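Spelled out, the chains give:
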Amino acid sequence: MNPILYSFRRCPYAIRARYCLAILDVRVEIREVVLKNKPDALLLLGGRTSVPQLIDSRGQRFAESLDIIFWSLENTNNQTLVNSLWPCERTRQQKLLSWIHYNDHFFKYWLDRYKYADRYPEFSEEYYRCRAEVFLRRLEGRLKSHAFIMSDSLSLADICLFPFVRQFAAVDHAWFNGSRYVEVRRWLSEFLASELFSIVMRKYEKWENGQQMRTFPD
Ligand SMILES: N[C@@H](CCC(=O)N[C@@H](CS)C(=O)NCC(=O)O)C(=O)O
């Protein structure tokens, strides 16, 4: 059995998981999910039904994007890239994970409110943007001294964060493009312009049981 990835094209968690699979050239069967109409095969797994989720060839399930990312590090032949994406020193690993934690538990919270300000009428869109900018200012500071978050080379921190910053930028492109976050814009635009990103964002039609297998990356 091929590893199976349940994915949703626009989901930032799924984007970071697909990005890792693609950059490490780890092949899976991709099953595009429509969140409002999840397939029985996913629902029948029981427990959480969020995407992305990966079932490996032994039937082991990875229900979190980060678990899929670490699975992809273990299942690639490109050890050189693994060593640069995930540093071996413990303190660097902790620093890297703290960026992801900061993104997932702080930035994401304010990003959701900024994106859907009409659903959170207690405060204005600008207010939510200001709160999210606390994170952007720190990111800008990092990217002023290095090309990427951890150093001058790409790491899992960059891959895990950029899909969320992309969503932030998309709320008000004109504001973002005129903002003081010059380095964040440079960093984000390099991701978005890359060939890899176009592979990651390729459109797959909704997966139906019995449909011909689609391989990712293809
Ligand atoms: N912590 C999870 C979050 C995944 C997540 O929230 N995915 C969203 C789509 S962006 C989802 O599946 N929402 C629908 C649901 O939870 O049923 C991860 O890292 O994979």
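Residues numbered from 1 in each chain as written. Predicted model: local features only at pLDDT ≥ 70, side-chain atom pairs only at ≥ 80, totals over all residues. Heavy atoms only, no water.

How should unusual backbone geometry be read in this particular structure?
Negative phi values dominate among residues other than glycine, just as trans dominates among peptide bonds. Cis geometry marks the peptide bond from Val51 to Pro52; its omega dihedral reads 5 degrees. As for its position among the elements, Pro52 is in the loop between α2 (40–43) and β3 (53–55). A cis amide bond, omega -10 degrees, links Phe216 with the succeeding residue Pro217. Counting through the fold element by element, Pro217 comes out in the segment after β5 (215–216). The backbone of Asp25 shows a phi angle near 50 degrees, a positive value even though the residue is not glycine. Mapped onto the elements of the fold, Asp25 is located in the loop between α1 (12–23) and β2 (28–32). Taking relative accessible area as the criterion, Asp25 reaches 45% and is therefore assigned partly exposed. (Helix = DSSP H or I, 4+ residues; strand = E, 2+ residues; numbered from the N terminus. Buried < 20%, exposed > 50% of the residue type's maximum accessible area, 1.4 Å probe, protein only.)

How should I be thinking about the packing of helix α5 (residues 90–115) against helix α6 (residues 125–145) in this particular structure?
Relative orientation and spacing of two packed helices are given, respectively, by the angle between their axes and the distance between those axes. Where α5 contacts α6, the axes come no closer than 8 Å and their chain directions differ by 160 degrees. Taken as axis vectors, α5 and α6 run roughly antiparallel relative to one another. By crossing handedness, the relation of α5 to α6 is classed as left-handed. Contacts from Lys95, Trp99, Tyr102, Asn103, Phe106, Phe107, Trp110, Arg113 and Tyr114 of α5 reach α6 at Glu125, Tyr127, Tyr128, Arg129, Arg131, Ala132, Val134, Phe135, Leu136, Arg138, Leu139 and Arg142. (Axes fitted to C-alpha atoms, helices over the stretch in contact; angles between N-to-C directions. Parallel < 35°, antiparallel > 145°, perpendicular 65-115°, else oblique. Left-handed = near helix turned anticlockwise from the far one by under 90°. Contact = heavy atoms within 4.5 Å.)

How should I be thinking about the nonpolar core in this particular structure?
Generally speaking, nonpolar side chains in soluble globular proteins are found buried as a group. Leu136, Leu139 and Trp187 are the most contacted members of the largest nonpolar core, which totals 63 residues. Examining the composition of this core, we find that ten residues originate from one element, helix α7 (residues 156–171), more than from any other. Those residues in contact with Trp187, other than ones at most four positions away along the chain, are Leu139, Leu143, Ala147, Phe148, Ile149, Asp158, Leu161, Phe162 and Val165. Grouped together as the second largest cluster of nonpolar side chains are ten residues, Tyr6, Phe8, Ala14 and Val33 included. (Core = buried A, V, L, I, M, F, W, Y, C linked by side-chain atoms within 4.5 Å.)

Hey, could you run me through the packing of aromatic side chains in this one?
Aromatic rings considered in pairs are described by the distance between their centres and by the relative angle of their planes. Within the structure shown, the criterion is met by 27 aromatic pairs. Their ring planes at 70 degrees and their centres at 5.3 Å tell us that Tyr19 and Phe162 sit as a pair that is edge-to-face. With a gap of 143 residues between them, Tyr19 in helix α1 and Phe162 in helix α7 connect regions that are remote in the sequence. Judged by relative accessible area, Tyr19 falls into the buried class, the value being 5%. (Phe/Tyr/Trp six-rings, centres within 6.5 Å; stacked < 30°, edge-to-face > 60°.)

Looking at this model, I keep getting lost on the sheet that holds strand β4 (residues 61–62). Mind explaining?
Pairing between the strands of a sheet is mediated by backbone hydrogen bonds and can be parallel or antiparallel. Ordered in space as β4-β3-β1-β2-β5, the five strands form an open sheet in which the pairing is mixed. Where the open sheet ends on each side, the last strands, each with one partner, are β4 and β5. Pairing of β3 with β4, which is carried by two bridges, proceeds in the antiparallel orientation. When the bridges of β4 are listed, Ile55 appears paired with Arg61. (Pairing = 2+ DSSP bridges.)

Sorry if this is basic, but what is going on with the pairing of β2 here?
The side chains of a regular strand alternate between the sheet's two faces. Summarising burial for β2: five of the five residues are buried, a large majority. Every second residue of β2 is oriented toward a common face, with Val28, Ile30 and Glu32 on one face and Glu29 and Arg31 on the other, all of them buried. In the sheet, strand β1 (residues 4–7) pairs with β2 via four bridges, with the strands oriented parallel. Bridged to Ser7 within β2 is Glu32. At this point the chain moves from β1, through α1, to the parallel β2, and the crossover so formed is right-handed. Relative to β5, β2 runs antiparallel, the two sharing two bridges. Bridge pairing in β5 places Glu29 opposite Thr215. (Right-handed = clockwise from strand over helix to strand, strands pointing away.)

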